[in-house]
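As a plain string of letters, each chain reads:
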Amino acid sequence: ISVHGSHQVATERTVFAMPETGIGFFPDVGGSYILSRMPGHSGLYAGLTAARLGQADCLWAGLATHAVEAGAIGGILERLLAGGDLEGTLAEASVALDLSPLQELQSDIDHFFAKPSLDEILAALAHADAGMKWARETLETLRARAPSSLAITFDEISRARDLSFEECMAMEYRIVSRILQHADFYEGVRSVLVDKDGAPRWQPGRVEDLDPAVISAHFEPLPEGELAFD
């Protein structure tokens, strides 16, 4: 909700994540717009892997405009409710942060996630130096996500870079109208939220077995009348 506002305040308790690929879904609620505008390819990385970002990550990535201590929130609210200046109040409460963990990974993220296709990202990670633990763990994470969701999310974020917020929302509506017709979303919800067995049976089970035509169909315009602002 707040990430689309004019002022986004993050504390040391803040955690931001778009975990949809783990349940056979995709980053929605304007996620395509936000992720596509993060520095470099960090948004694609976050969208595909469902990485959990903390306070410093959010500030660096543009997901937050101000970083404050959680203990200061009450005082900030009191001052604002009493008619205090918004900009001045947040500026006064803001704290300096150390280098963001996401920022520290930026060169590696851009190296691997700048590839022109999802297949090439996976291949690059698979052929990374044996001692590169981050690449190995990232590949394992991606291999556990729904292949269809990874492909849809890759295309979604790639397209969103050239779209307005309104166009991103229209695109997301098209995707959700189609993704609900397939089994992966229901299987992901079953595995993660209902049975909680952590053993989803994705259809298909590998990115290599995806039908490109099925993925691209998620982005086609809806029949006339189904989306008023399309």
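Analysis parameters
Residues numbered from 1 in each chain as written. Predicted model: local features only at pLDDT ≥ 70, side-chain atom pairs only at ≥ 80, totals over all residues. Heavy atoms only, no water. Core = buried A, V, L, I, M, F, W, Y, C linked by side-chain atoms within 4.5 Å. Buried < 20%, exposed > 50% of the residue type's maximum accessible area, 1.4 Å probe, protein only. Helix = DSSP H or I, 4+ residues; strand = E, 2+ residues; numbered from the N terminus. Contact = heavy atoms within 4.5 Å. Lys, Arg positive; Asp, Glu negative; His and termini not counted. Salt bridge = Lys/Arg side-chain N within 4 Å of Asp/Glu carboxyl O. Axes fitted to C-alpha atoms, helices over the stretch in contact; angles between N-to-C directions. Parallel < 35°, antiparallel > 145°, perpendicular 65-115°, else oblique. Nonpolar A, V, L, I, M, F, W, Y, C, P; charged D, E, K, R; others polar. Phe/Tyr/Trp six-rings, centres within 6.5 Å; stacked < 30°, edge-to-face > 60°.

A. Local environment of the nonpolar core. If you look at the biggest cluster of nonpolar residues, it comprises 50 residues, and the most contacted ones within it are Leu48, Leu63, Phe112, Phe113, Leu125 and Trp134. Of all the elements, helix H10 (residues 147-160) adds the most residues to this core, at six residues. Among all residues touching Trp134, those that are not within four sequence positions of it are Tyr45, Leu105, Asp108, Ile109, Phe112, Phe113 and Leu125.

B. Representation of the environment of Phe16 in the model. Positionally, Phe16 belongs in the loop between strand S1 (9-10) and helix H1 (31-36). Judged by its relative accessible area of 16%, Phe16 falls in the buried class. As for Phe16 and Phe112, which are separated by 96 residues in sequence, their C-alpha atoms are 22 Å apart.

C. How the structure looks around the side chain of Arg178. Along the chain, the position of Arg178 falls in helix H11 (residues 165-179). Although Arg178 is buried, it forms no salt bridge, and the closest oppositely charged side chain is Glu220 at an N-O distance of 6.6 Å. In this view, Arg178 contacts Ala217, His218, Phe219, Glu220, Pro221 and Leu222; residues no more than four positions away in its chain are not counted.

D. Local environment of the packing of helix H2 (residues 42-49) against helix H9 (residues 133-144). The geometry of H2 relative to H9 is characterised by a closest axis approach of 9 Å and an angle of 50° between their N-to-C directions. One element, H2, and the other, H9, form an angle in the oblique class. Between H2 and H9, the residues in contact are Tyr45, Leu48 and Thr49 and Trp134, Thr138, Thr141 and Leu142, respectively. Of the residues belonging to the contact of H2 with H9, the class tally is four nonpolar, three polar and no charged.

E. Inspection of unusual backbone geometry at higher detail. With an omega of -5°, the peptide bond between Gln203 and Pro204 qualifies as cis. Summarising the element assignment, Pro204 is placed in the loop between helix H12 (183-194) and helix H13 (212-217). A positive phi angle is found at Val29, which is not glycine, with a value near 45°. Inspection of the secondary structure puts Val29 in the loop between S1 and H1.

F. Up close: the packing of aromatic side chains. One pass over the full model with this rule turns up seven aromatic pairs. Ring pairing ties together the aromatic residues Phe25, Phe26, Phe185 and Tyr186, which thus form one cluster.

G. Representation of the pattern of salt bridges within the structure. One pass over the structure, following the stated rule, counts seven salt bridges. For Arg190, the salt bridge goes to Glu187, with nearest N and O atoms at 2.8 Å. Here Glu187 and Arg190 lie together in helix H12, a separation of three residues that amounts to about one turn. Here Arg190 matches Glu187 in class, with each residue buried. We note a salt bridge from Asp195 to Arg190, for which the minimum N-O separation is 2.9 Å. The class for Asp195 is partly exposed, based on a relative accessible area of 46%. For Arg190, a relative accessible area of 16% puts it in the buried group.

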